[in-house]
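Letter by letter, the chains look like this.
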Amino acid sequence: MKIAVLAVQGAFAEHINKLESMGVSCMELRNATDLEKDFDGLVLPGGESTVQGKLLRELHMLEPLRDRIRQGMPVLGTCAGLILLAQEIRNEDRIYLGTLSVCVQRNAYGRQLGSFHTEQEVKGIGKIPMTFIRAPYIESVLPAQGEKPGTEVLAQVDGRIVAVRHGRQIGIAFHPELDADNRIHGMFLESISTAWADA
Ligand code: GLN
């Protein structure tokens, strides 16, 4: 199994360290030619979504990544990565990949609460540490379209949605790569094994 980690900006090295410590091999996605290599899942790290989105566009990676995600490529988007995936961004007049049916709010915790740490229950895996850094939260989960199932809420902090799953897309408002707990990445890797099994 090989995981591609978007490496144009932000906390990609931390995801690679985490995944490699779990025995998974990784590759950095830096430009469109990297998309020709073989990989089984994609991580979109935290950082600055406006910068990452701009670079994805300029590097001609936005469309091909969107297509792959739509075709079922398992993806884990954390923080800015969640914003890139969102179908709607409340306080922004553009969207990027737009594959995940949620509406997010950027920098949603205000200045004082810009960064904080907590522990909370995540559906299916139990209580885990959560580090938020100028994080978005998920304001709403958009309804199912046609036959397609809607987005499942996996975790909430103070009544705000911070983790969701939609098919093989996992969107997380915090930074699981910064804490010692491996369970979010474990859940992502499991979704890849399932993708193989029903391929
Ligand atoms: N505030 C950043 C943004 O809007 C996200 C922060 C993060 O990824 N830690 O893109």
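Above this note sits the structure.
In what follows, the accompanying structure is described. Note that the structure is predicted; figures quoted are calculated from it, not measured.

Turning our eyes to something else, we now look at the pattern of salt bridges. Counted according to the given criterion, the structure contains 11 salt bridges. The partner of Arg106 in a salt bridge is Glu48, with the nearest N and O atoms 2.9 Å apart. Taken together, the positions of Arg106 in the loop between strand S6 (100-105) and strand S7 (115-122) and Glu48 in the loop between strand S3 (41-44) and helix H2 (49-58) put the pair 58 residues apart, joining distant regions of the chain. A relative accessible area of 22% places Glu48 in the partly exposed class. Measuring nitrogen to oxygen at the nearest pair gives 2.7 Å for the salt bridge that ties Glu92 to Arg106. Note that Glu92 is positioned in the loop between strand S5 (86-89) and S6 and Arg106 in the loop between S6 and S7, a separation of 14 residues in sequence. Each of Glu48, Glu92, Arg106 and Arg134 takes part in salt bridges that share partners, so that together they form one network.

Turning to the side chain of Thr99, a few remarks are in order. Along the chain, the position of Thr99 falls in the loop between S5 and S6. Within the structure, Thr99 has its side chain in polar contact with the side chain of Gln169 (distance 2.8 Å). For Thr99, the residues in contact, after removing those within four places along its chain, are Arg66, Ile69, Arg70, Leu85, Gln87 and Gln169.

Let us look at the nonpolar core. In terms of nonpolar packing, the biggest core is built from 64 residues, with Ile3, Leu29, Leu42, Met130, Phe132, Val162 and Phe174 touching the most fellow members. Here this core gets five residues from one element, more than from any other, and that element is helix H5 (residues 183-197). The contacts of Met130, once residues within four sequence positions are left out, are Phe116, His117, Thr118, Gln120, Glu121, Val122, Ala155, Val157, Val162, Phe174 and Asp179.

Note: α-helices contain 3.6 residues per turn, so residues at a spacing of three or four share the same orientation. Those residues of helix H3 (residues 62-70) lying buried are Leu62, Leu65, Arg66 and Ile69. Seen from one end, H3 has its buried residues packed into an arc of 100°, which puts them on one side. The inward-facing, buried residues of H3 contact strand S2 (25-29), S3, H2, strand S4 (75-78), helix H4 (80-85) and strand S12 (169-172). Gly72, located one to two residues past H3, shows a positive phi value of around 110°.

In this section: the environment of Ala11. With respect to the helices and strands, the residue Ala11 is situated in the loop between strand S1 (2-6) and helix H1 (12-21). Note on Ala11: relative accessible area 13%, which makes it buried. Along the primary structure Ala11 and Glu58 are separated by 47 residues, whereas in three dimensions their C-alpha atoms are 20 Å apart. The residues touching Ala11, leaving out its near neighbours within four places in the chain, are Pro45, Gly46 and Glu177.

Definitions and cut-offs
- Residues numbered from 1 in each chain as written.
- Predicted model: local features only at pLDDT ≥ 70, side-chain atom pairs only at ≥ 80, totals over all residues.
- Heavy atoms only, no water.
- Salt bridge = Lys/Arg side-chain N within 4 Å of Asp/Glu carboxyl O.
- Helix = DSSP H or I, 4+ residues; strand = E, 2+ residues; numbered from the N terminus.
- Buried < 20%, exposed > 50% of the residue type's maximum accessible area, 1.4 Å probe, protein only.
- Polar contact = N/O pair within 3.5 Å; in protein donor to acceptor, adjacent residues only side chain to side chain.
- Contact = heavy atoms within 4.5 Å.
- Core = buried A, V, L, I, M, F, W, Y, C linked by side-chain atoms within 4.5 Å.
- Arc of directions from axis to C-beta.

Without other data, these values stay purely geometric and don't point to any function.
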